[in-house]
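Residue strings, one per chain:
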Amino acid sequence: MAELGKTLHAWRDRVTPAEAGLPAGGRRRAPGLRREELAQLAGLSVDYILRLEQGRSSAPSAQVLTALARALRLSDSERDHLFVLAGQTPPRPGAISTYIPPGVQRLIGQLEGAPICVCAASWTMISWNPLWSALIGDPSVLRGRERNIIWRHFMLPGTAGFGRVAQTPEQTAAFTRAMVTDLRAATARYPNDADLRALIHELRTGSPRFAALWDDHVVGFHESNVKTINHPELGEMALDCDVLTAPGSDLRLVIYTAAPNTEAAEKLRLLSVLGLQALS
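Residues numbered from 1 in each chain as written. Predicted model: local features only at pLDDT ≥ 70, side-chain atom pairs only at ≥ 80, totals over all residues. Heavy atoms only, no water.

## Looking at the overall build of the chain
What counts is decided by this rule: Labels follow the DSSP assignment, with helices taken as runs of H or I lasting at least four residues and strands as runs of E lasting at least two, numbered in each case from the N terminus. Radius of gyration: C-alpha atoms only; globule rule: 2.2 Å multiplied by the number of residues to the exponent 0.38. Each residue gets one of three labels from its accessible area relative to the maximum for its type: buried under 20%, exposed over 50%, partly exposed in between, using a 1.4 Å probe on protein chains only. In this description, accessible areas are obtained by the Shrake-Rupley approach with a 1.4 Å probe, and a residue is regarded as covered only by the protein chains that are shown.
Helix and strand content of the chain: twelve helices and six strands. Against the globule reference of 19 Å for 280 residues, the chain gives a C-alpha radius of gyration of 19 Å, in line with a compact fold. Considered along the principal axes of its C-alpha atoms, the chain spans approximately 55 × 50 × 30 Å. Among the 280 residues that make up the chain, the fraction classed as buried is 46%. Carbon together with sulfur atoms contributes 54% to the accessible area of the chain, which is approximately 13200 Å² in total.

## Thoughts on the sheet that holds strand 5 (residues 235–245)
Basically, it comes down to this: Only strands joined by at least two bridges in the DSSP assignment are considered to pair.
Pairing in this open sheet of six strands is antiparallel, and the strands run 2-1-6-5-4-3 from one edge to the other. Every other strand in the sheet has two partners, leaving strand 2 (125–128) and strand 3 (165–166) as the edge strands with one partner each. In terms of strand pairing, strand 4 (residues 225–231) meets strand 5 through seven bridges, oriented antiparallel. Across the sheet, the residue bridging to Lys227 is Leu239, located in strand 5.

## What about the packing of helix 9 (residues 169–189) against helix 10 (residues 194–206)?
Condition: Angles here are taken between N-to-C directions and fall from 0 to 180 degrees, while the axes themselves are lines fitted to C-alpha atoms, restricted in helices to the stretch in contact. Here is the rule for handedness: rotate from the far helix to the near one, and if that takes an anticlockwise turn smaller than a right angle the crossing is left-handed, while a clockwise turn gives right-handed. Residues count as neighbours in contact if any of their non-hydrogen atoms are within 4.5 Å of one another. Throughout, the ten residues Ala, Val, Leu, Ile, Met, Phe, Trp, Tyr, Cys and Pro are labelled nonpolar, Asp, Glu, Lys and Arg are labelled charged, and all others, Gly among them, are labelled polar.
Closest axis-to-axis distance for the helix 9/helix 10 pair is 10 Å, and the angle between their directions is 145°. For the pair helix 9 and helix 10, the crossing hand works out as left-handed. Here Leu183, Ala186 and Thr187 of helix 9 lie close against helix 10, whose contacting residues are Leu196, Leu199, Ile200 and Leu203. A breakdown of the residues in the contact of helix 9 with helix 10 according to their chemical character gives six nonpolar, one polar and no charged.

## Notes on helix 11 (residues 208–216)
Rules: Directions pointing from the helix axis toward each C-beta atom define the arc.
Among the residues of helix 11, Phe210, Ala211, Leu213 and Trp214 are the ones counted as buried. Angular distribution of buried residues about the axis of helix 11 spans 170°; they occupy a single face of the element. Facing away from the buried side of helix 11 by more than 90 degrees, the exposed set consists of Pro208 and Asp216. Buried residues in helix 11 make contact with helix 8 (149–155), helix 9 and helix 10.

## Quick word on the side chain of Asp193
Inclusion rule: When charges are counted, Lys and Arg contribute as positive and Asp and Glu as negative, whereas His and the chain ends are disregarded. A side-chain nitrogen of Lys or Arg and a carboxyl oxygen of Asp or Glu constitute a salt bridge if their distance falls within 4 Å.
Its place among the elements puts Asp193 in the loop between helix 9 and helix 10. The charged side chain of Asp193 is buried without a salt bridge, its nearest counter-charge being Arg197 at 6.8 Å. Aside from chain neighbours lying at most four places away, what touches Asp193 is Gly94, Ala95 and Ile96.

## Notes on the pattern of salt bridges
Applying the stated criterion across every chain yields a total of 13 salt bridges. Ionic pairing is found between Arg51 and Asp47, a salt bridge with its closest N-O pair at 2.9 Å. Here Asp47 and Arg51 lie together in helix 3 (residues 46–53), a separation of four residues that amounts to about one turn. Exposure remark for Arg51: the relative accessible area of 24% places this residue in the partly exposed category. Judged by its relative accessible area of 44%, Asp47 is partly exposed. Linking Arg204 and Asp215 is a salt bridge whose minimum nitrogen-to-oxygen distance equals 2.7 Å. Here the residue Arg204 occupies a position in helix 10, and Asp215 occupies one in helix 11, the gap between them amounting to eleven residues. Residues participating in the shared-partner salt-bridge network are Arg12, Arg35 and Glu53.

In structure tokens, the structure reads:
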């Protein structure tokens with residue numbers, strides 16, 4: 001446990017707030033994440049993070065380790081090492097990866113003027129930039145399934161975009177078909193992923209609409225379209241929404257952009273200047 005604590009501390013120090021989609025938040029003694037920020041990203045208590053790093057905690061569960069690996073942006077090999085240090089069996093081959101390749105991380109960093117969210121193959125949000133939080137809402141305050149966009153769409157209708165994204169009935173229908181298609185494709189690629197199987201079971205038992213679509217084998221695909229964002233401070237913003245697949249992975253990048261010289265572009269620029277702290 002002592003070695004686990006030292007390793008967690010070292011990994012926390014190498015992740016900057018910007019990489020994790022958080023505001024910098026004033027002067028820092030070290031460039032990495034604070035314990036409070038790691039706790040927020042992983043959905044754990046600050047006291048538990050402290051006890052883990054000091055080697056005073058009992059062995060964490062696989063769910064906790066998975067949350068830490070996601071928050072710390074660990075590669076698959078690093079995640080497996082984390083499990084070994086904690087005395088747990090690493091995830092079986094074929095599990096959904098939450099690793100974000102360096103090229104994708106650089107892409108997110110370079111597109112500072114566009115709200116971006118990165119999702120795993122199951123459509124669980126694993127990373128986002130500060131502008132996404134300012135536009136849609138801060139995903140770091142969500143816990144467990146609340147970070148899964150498909151689960152929110154079916155189990156908490158109207159909240160997939162945190163209640164700010166307005167879609168036409170046609171857009172909603174297309175979005176629904178595309179999400180079910182993506183989830184079915186994920187089950188074919190990752191048949192050994194226990195969390196994915198649990199997600200599908202929850203959706204089938206909790207949402208008659210999902211169960212019907214799943215059993216009907218509907219097919220749909222993501223298309224570029226314009227969505228209206230109802231921002232609490234800036235009002236309506238008509239933004240282009242695109243879903244991209246990262247090369248060599250099953251990661252999904254959701255990106256909002258505005259046409260040049262439009263009111264929406266000016267509002268997006270203003271949002272990037274004011275940032276999350278002023279508009280949260």
